[in-house]
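Here's the letter readout for the chains.
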Amino acid sequence: MAIVYSSLVYLGYILIFPGFLFCFVAGMLITGIDRKIVAKMQKRVGPPILQPMYDFFKLMGKETIIPAAANKTVFLAAPIVGLAAMVVIQLFIPVISTPILYGTADLIVILYLLLIPALAEIYGGSASGSPYAGVGLSREMVTIIACELPLVLIFLSVAKTVGNAMGTGLCFSLSDIAAYQAANGSLMLKASMIPAAIAMLLVIPGETGNHPFDAAEAETEICEGMLAEYSGAPLGIYKLTHAIKTFTLTALFVALFLGGIGTGIVLLDALIEFAICVVLTIIFISLVHAVTARLKIEQLFKYYWTAVSTIALISLVLAWFGM
Amino acid sequence: MFKNLITESTAKSPWLFHINSGSCNGCDIELVAVLTPRYDAERFGFKLAGSPRHADIVVVSGPLTQQSLPRTLRAISQVPEPRCIVTIGSCPQSGNVFKGSYSVMAPLSKYVHVDVAVAGCTPKPEAIMDGLVQATEILKEKRKAWLEAKKNGLKDGPKAETEQEVPAAEDVPASGEEVQQ
Amino acid sequence: MTNLLSYTHFPVYSIMVLFLGAFLVVIAGKSKALRHIFAICAVTASLACLIALIKPVMIDGEVIAYWMGAREPAGGYAIGIALEVDALSLFFGLLIATAVFVSCCYSITYMRFDENVSQYYTLFLMLSGGVIGLVLSGDLFNMFIMVEILTFAAVALTAFRNKAHGALEAAFKYLVVGCIGSTCILAGTIMLYAQARTLNFAQLSAFIPGNFNTSTIIAFALLYIGFSTKAFIVPFHPLAADAHGAAPASISVLISGVLTKSGIYGIIRLTYFLFQSMALGKMQFLLVFIGSVSMFVCVTMALAQHDFKRLLAFHSISQIGYVLTACGLCTALGISAGLYHAMNHTLFKGLLFLAAGAVLQQTGTTDLNKLGGLSKRMPHTTVLFLIGAFSISGIPPFNGFASKWMVYQATYQKAVESGNIGFLFATIIALITSVLTLASFVKVSQSVFFGQLPEEYKDVKEVPFGMRFAMGIFAVLCIVTGLFRELVTHYLTEPAARAVFDVGKYINSMLGDGYASAVMGANAPVRTEVVFDMAGTWQPIHWLLLLCILLLAITLVALLGRYDTVSENKAALAEGKFDIFFGGEKSVPSQVGGGDLFWGFKHNWRHYFSFMHDLHSGIVNDYALWAVVALALAMLYMLIVL
């Protein structure tokens, strides 16, 4: 009986909270709020907050065309794999400071797991055979390279700071980082972590491919790049993956830097986490979206490897000297 | 439940794909005006899509020149079902002032079924918006028709309307519901 | 005479059968079947001998000392020819034997259209025997002989398809620089012999560490450079590119998976055993520095390539950089990580080269700008290639990730423990190199396997089963070693790491108990326990379980919806509907070529790339000069440091 119960709980984690269903709702709402806020900033009425949901369900009902030049299997499988990989990441991220599934993946693994949804998109686009997808995947890959350096520096400095404080010298475990913050207050309060937090916030729009950094999906220029040949349900799944990615990355930020503020009650924490994620999205994605124009890919790369990386490096150096 | 949700969503999230088939650019900038803060088509869920594969509504402007006709038709055929075709301005309906030219192939309804035709040279943004909103209703009808057909056993839904016989050039009335300015 | 079937004889059998096979293949003459039987039997027997040694050496921790003709040391001098197999030797031996076995399976179908195949198998078996002899040898001069055998066999095999463009040139370059390397090893051996009056590895290991003088240090530098040329690490990387590009794919597997490993093995033996100098921070710095430079320089060089095999060749050196960096840390975790990565590199790089060979055989080219869309014609090869590509780019849960993850932990822990910020840069470079590796494999898959199929490759067929089978072995191993990280570390890399830190046992099992402390006195190496803690966790199976449940759930939901009712180009439906969207134009085959795919990255690094372009002139004189300069620098550095 106990086994059945625990496996049901496990399935509940995966499929309902904080897994698939929660991600679905949270991601959709965050994207909806983002679109609404951008519209408000441009003095428009804007779409309803549930607009991403409508988009998603509409796409579910559309015809799915497979181009003659495409590799059918990869073309159809890539979105599903990407979505599943995206949701799995969410399971490893503590809800503020309560880890749900621990002991599976650490910070470095998260860094690599974040590549899988992007890779799924790249391979799906690549399999469609469209030349727009070729250009798009080239830009997407450069975006990934661009964001990788600051992310690496941020993660290493977090690992060092928590390790220093815990006496082990270095700590990659997400649940340990959460436990440390629950005991000693948020990492955000440490002087050495402030630059890392800022850099992380600057990385989020690039990593999710939001507006000034969306050279890979420039719909006016290269027809949404890798998605150019997608229609119907697979396209909807990609849109959903994007939405969840926004939520996942902001939730990762919360878990890494704002860990200490939870109440300890998981459901309440999830609401608080969601609220913080919304605020972060509004400031660092919507605002940036509304006031900037799209960067060229080489500008994007330069921005991340110079400005953002320098900020993250400051944090690493400070953490190295134990501040 | 999901079927109804999808049917409802079909009307609430129409994505546009705009084809310029030799237009003078007048209608094109009016279409852009529809998306500006003043008219804000996004409040109905309208969005300009980059690729015909993403679109629900194909917006055609221009008098269909000889060069652009096959390209227009190809792009239209690449739009997944259910889809709506909306023409903007008088050119795709009748050829407008270009009628009779050796290189103008208007009207579009000779080649494909046009769902909504917004007349005017150029139509006002309000008129375009009205036409687009009517098109969303038609989208919903098409979705319902598809569900009905599926219930009656046709697996692939009703036959696509694009392969209708091309009628003779002269006796084609402008089809669809006309929206007066 | 002891029982001939006792496992103590297995090391010599594993070498002998290969050389024996080499002669039998010639005797077999024109008979194709006989030739294949001899070759397969030889490599299988060799692999089996080494696998049988896992129990005594890896699990029981024995060190097998074997004197040829039972000429045991007399009067304190080891004159006879000796083989000595500790866990480190066996670890590399197993890797090599596996790669040789798979490559041999592949060759049977792959080489079926070539002429003079009996010479091919002779050289192939000589090369394999040479490498296995090298890693099992307990004697410096025998090592040199094996180096010579393998170098010349490799040069001849590089030029085997000598009608192909560039094959002779590549072989010539390899010959020149390879000879410089071999000469260095010979000179180093002579200088050590002059000092120590012995060539036995164990005896040298006991004698040298207490007797550093100018000639031993110069010998060290010579040997280091000699083995560097075999491992193709910076500054010898351009040779690898030429050699891999020109050689048949089955030989590229050996050059990349086997020859480079023999170089790494030589460097580990040299630094940890012969000179026991790795406790010095400056020596650690040397290896980590060279490793990191190899990693970064070669991965950027690979990004600039537009030939499939040359690209793989540069990646090969880049991955060797990881191995060297991790092995240069002188920590238990570092050695474990390095050896793990060495093993994984053999597996995934072998797989990738075989996939490149399959593409070359079916299309006749490896130019990334000409190929495209092969996934529709060669689906199995594509899947196998993707497994290799994900492994090398370190995508979880494949094996590349498991070992890279350990490398990052090892370098960062070393940085934290030693307080040296230099090791931190090694971690960062390793992480960045990994994503650049991913980028170039995205480029390969886009421009070879996906995208649109060019007209001229419309009729390409899948490769025969024999080749897919060989690739399948590597692919399965890639997945297994990725999923069962703990088993691999427990049974393979940890015993080998333990052997690296147990020099005393190595000496004593050769020359009798107490020899090390008698000769070296207080300096006798102390056995250090191989224990390490991970700063993080990674459970691939758990992750895979989660992913599978979700995949299942999403697929079910998707299938209940309309995901299965997709439109395909079954009948002639509406014209153009299933064409690629091309702005309304009729779809023409248009492939985004691989030549300059990541220009957004390259544009920002254009000065670096143009500098690199000028530096790699392709002239053999330059590369020989690099070798000499590297030798001079190594001597200078070691004279200052030691």
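Calculation criteria
- Residues numbered from 1 in each chain as written.
- Chains lettered and ligands numbered in written order.
- Predicted model: local features only at pLDDT ≥ 70, side-chain atom pairs only at ≥ 80, totals over all residues.
- Heavy atoms only, no water.
- Helix = DSSP H or I, 4+ residues; strand = E, 2+ residues; numbered from the N terminus.
- Rg over C-alpha atoms; globule rule 2.2 N^0.38 Å.
- Buried < 20%, exposed > 50% of the residue type's maximum accessible area, 1.4 Å probe, protein only.
- Contact = heavy atoms within 4.5 Å.
- Areas by Shrake-Rupley, 256 points an atom, 1.4 Å probe, with all protein chains shown as cover.
- Phe/Tyr/Trp six-rings, centres within 6.5 Å; stacked < 30°, edge-to-face > 60°.
- Lys NZ or Arg CZ within 6 Å of the ring centre and 35° of its normal.
- Axes fitted to C-alpha atoms, helices over the stretch in contact; angles between N-to-C directions.
- Parallel < 35°, antiparallel > 145°, perpendicular 65-115°, else oblique.
- Nonpolar A, V, L, I, M, F, W, Y, C, P; charged D, E, K, R; others polar.
- pLDDT = per-residue confidence, 0-100.
- Polar contact = N/O pair within 3.5 Å; in protein donor to acceptor, adjacent residues only side chain to side chain.
- Buried area = accessible area lost by both parts, 1.4 Å probe.
- Salt bridge = Lys/Arg side-chain N within 4 Å of Asp/Glu carboxyl O.
- Core = buried A, V, L, I, M, F, W, Y, C linked by side-chain atoms within 4.5 Å.
- Pairing = 2+ DSSP bridges.

> I would appreciate a short explanation of the overall build of chain C in the present structure.
The helix and strand inventory of chain C stands at 25 helices and three strands. Over its C-alpha trace chain C gives a radius of gyration of 25 Å, about what one expects of a compact globule, namely 26 Å for 642 residues. Its C-alpha atoms put chain C at 90 × 60 × 50 Å along the principal axes. The buried share of chain C, reckoned over its 642 residues, is 64%. The contacts in chain C between residues at least 6 apart in sequence include a share of 81% that link residues at least 24 apart. Summing over all exposed atoms, chain C offers an accessible surface of approximately 21,700 Å²; the carbon and sulfur share of this is 66%.

> I tried to follow the packing of aromatic side chains on my own but got confused; where do I start?
Centre distance and the angle of the planes are the two values used to describe a pair of aromatic rings. Scanning the entire structure with this criterion turns up 46 aromatic pairs over all chains. Here tyrosine 120 of chain C and phenylalanine 124 of chain C contribute two aromatic rings whose centre-to-centre distance is 5.9 Å and whose plane-to-plane angle is 35 degrees, an arrangement assigned as tilted. Of this pair, tyrosine 120 of chain C and phenylalanine 124 of chain C both sit in helix α5 (residues 117-136), four residues apart, which is roughly one turn of the helix. Of the two residues, tyrosine 120 of chain C and phenylalanine 124 of chain C, neither departs from the other in class, the shared state being buried. With centroids separated by 5.8 Å and ring planes inclined at 80 degrees, the aromatic side chains of phenylalanine 308 of chain C and phenylalanine 385 of chain C adopt a geometry described as edge-to-face. Of this pair, phenylalanine 308 of chain C sits in helix α13 (residues 308-327) while phenylalanine 385 of chain C sits in helix α15 (residues 379-392); the two residues are 77 residues apart in sequence, bridging distant segments of the chain. Residue class for phenylalanine 308 of chain C comes out buried when judged on its relative accessible area of 0%. Between the NZ or CZ atom of lysine 58 of chain A and the centre of the ring of tryptophan 15 of chain B, over which it lies, the distance is 3.8 Å.

> Sorry, what's going on with unusual backbone geometry here?
A negative phi angle is the norm for most residues apart from glycine, just as the trans form is the norm for most peptide bonds. Cis geometry is found at the peptide bond from valine 234 of chain C to proline 235 of chain C, where omega equals 5 degrees. By the element assignment, proline 235 of chain C lies in the loop between α9 (214-231) and α10 (237-246). Residue proline 397 of chain C follows proline 396 of chain C across a cis peptide bond; omega there is 0 degrees. Positive phi, normally seen in glycine, also occurs at asparagine 96 of chain B, with a value near 50 degrees. Turning to its location among the elements, asparagine 96 of chain B is positioned in the loop between α4 (91-94) and β5 (116-118). Even without glycine at this site, arginine 197 of chain C takes up a positive phi of about 55 degrees. Considering the arrangement of structural elements, one finds arginine 197 of chain C in the loop between α7 (167-196) and α8 (201-207).

> Honestly, the packing of helix α4 (residues 72-92) of chain A against helix α6 (residues 115-128) of chain A in this entry has me stumped. Any pointers?
All names here are of chain A. Between α4 and α6, whose axes approach to 8 Å, the crossing angle comes to 170 degrees. Comparing the axis directions of α4 and α6 gives the class roughly antiparallel. Across the interface between the two elements, Val74, Phe75, Ala78, Gly82, Ala85 and Met86 from α4 touch Ile116, Pro117, Ala120, Tyr123, Gly124, Ala127 and Ser128 from α6. The residue inventory of the contact of α4 with α6, partitioned by class, reads ten nonpolar, three polar and no charged.

> What am I meant to see in the confidence of the model for chain C here?
For residues with low pLDDT, the predicted coordinates do not support detailed interpretation. On average, residues of chain C carry a pLDDT of 83, and 96% of them reach 70 or more. Residue range residues 570-574 of chain C is modelled with pLDDT below 50. Its contacts to residues more than four positions away, or to other chains, number four contacts.

> What's the story with the environment of glutamine 362 of chain C in this structure? I'm lost.
Residues and elements named next belong to chain C. Position of glutamine 362 among the secondary structure elements: in helix α14 (residues 332-363). Along the sequence, glutamine 362 and aspartate 459 sit 97 residues apart, while their C-alpha atoms lie 9.6 Å from each other. Here glutamine 362 is in contact with Met378, Val460, Lys461, Glu462 and Val463, once residues within four sequence places are set aside. There is a polar contact of 2.9 Å between the side chain of glutamine 362 and the backbone oxygen of lysine 461.

> Please clarify how the interface of chain A and chain B should be interpreted in this entry.
In many reports, interface size means the accessible area that the parts give up when they come together. Contacts between chain A and chain B engage 30 residues on the former and 27 residues on the latter. The contact between chain A and chain B buries some 2,500 Å² in all, and 55% of this surface belongs to carbon and sulfur atoms. On the chain A side of the interface with chain B, the three residues burying the most area are Phe57, Lys58 and Lys62 of chain A, jointly 25% of the side's total. Inspection of the chain A/chain B interface yields six salt bridges. For the salt bridge of aspartate 40 of chain B with arginine 44 of chain A, the shortest nitrogen-to-oxygen distance reads 3.2 Å. Linking chain A with chain B are 18 residue pairs in polar contact (both at pLDDT 80 or more), by the criterion used here.

> What exactly am I supposed to notice about the nonpolar core here?
What tends to happen in soluble globular proteins is that the nonpolar side chains get buried as a cluster. The biggest cluster of nonpolar side chains holds 357 residues, and the ones touching the most others in it are Phe257 of chain A together with Tyr224 and Tyr412 of chain C. Ranked by residue count, the leading element in this core is α14 of chain C, at 18 residues. The residues touching phenylalanine 257 of chain A, leaving out its near neighbours within four places in the chain, are Ile154, Val158, Gln181, Ser186, Leu187, Met188, Met193, Ala196, Ala197 and Met200 of chain A. Among the nonpolar cores identified, the runner-up in size contains 21 residues, and Cys27, Leu31, Val116 and Leu139 of chain B belong to it.

> Would you explain the interface of chain A and chain C in this entry?
Opposite the 85 residues of chain A that make contact, chain C presents 75 residues. Regarding the contact of chain A and chain C, the summed buried area is about 7,000 Å², with carbon and sulfur atoms giving 75% of it. Along the contact surface separating chain A from chain C lie ten residue pairs in polar contact (both at pLDDT 80 or more). Sorting the residues of the side of chain A that touches chain C by element identifies α1 (2-15), β1 (64-65), α4, α5 (107-113), α6, α7 (131-166), α11 (233-257) and α13 (297-320) of chain A as the ones contributing at least two each. Here the side of chain A that touches chain C is composed, by residue class, of 62 nonpolar, 14 polar and nine charged.

> Can you help me understand the pattern of salt bridges in this one?
A side chain of one charge can pair with a side chain of the opposite charge when the charged atoms of the two come close. Taken as a whole, this structure holds 17 salt bridges over all chains when the rule is applied. The partner of arginine 53 of chain B in a salt bridge is glutamate 229 of chain A, with the nearest N and O atoms 2.6 Å apart. Of this pair, arginine 53 of chain B sits in the loop between β2 (47-48) and β3 (57-61) while glutamate 229 of chain A sits in the loop between α10 (219-222) and α11, which puts the two residues in different chains. We classify arginine 53 of chain B as buried; its relative accessible area is 1%. Under the relative-accessibility criterion, glutamate 229 of chain A is labelled buried at 0%. A salt bridge links glutamate 494 of chain C to arginine 498 of chain C, with the shortest nitrogen-to-oxygen separation between them at 3.7 Å. Of this pair, glutamate 494 of chain C and arginine 498 of chain C both sit in helix α19 (residues 485-500), four residues apart, roughly one helical turn. Judged by relative accessible area, glutamate 494 of chain C falls into the buried class, the value being 16%. Among the charged side chains, a network of salt bridges with common partners joins Arg35, Arg44 and Asp55 of chain A together with Asp40 and Glu42 of chain B.

> When you look at the pairing of β3 of chain B in this model, what are you seeing that I'm missing?
Successive side chains on a regular strand alternate, one facing one side of the sheet and the next facing the other. Residue and element names in this part refer to chain B. By the criterion of burial, β3 is predominantly enclosed, with five of the five residues buried. Burial along β3 is two-sided: Ile57, Val59 and Ser61 and Val58 and Val60, pointing in opposite directions, are all buried. As defined by bridge partners, strand β1 (residues 15-20) adjoins β3 across five bridges and the pair is classed as parallel. The residue of β3 that forms the bridge with histidine 18 is valine 59. Taken together, the five bridges between β3 and strand β4 (residues 84-88) define a ladder with parallel strand orientation. Bridging across to β4, valine 59 finds its partner in valine 86.

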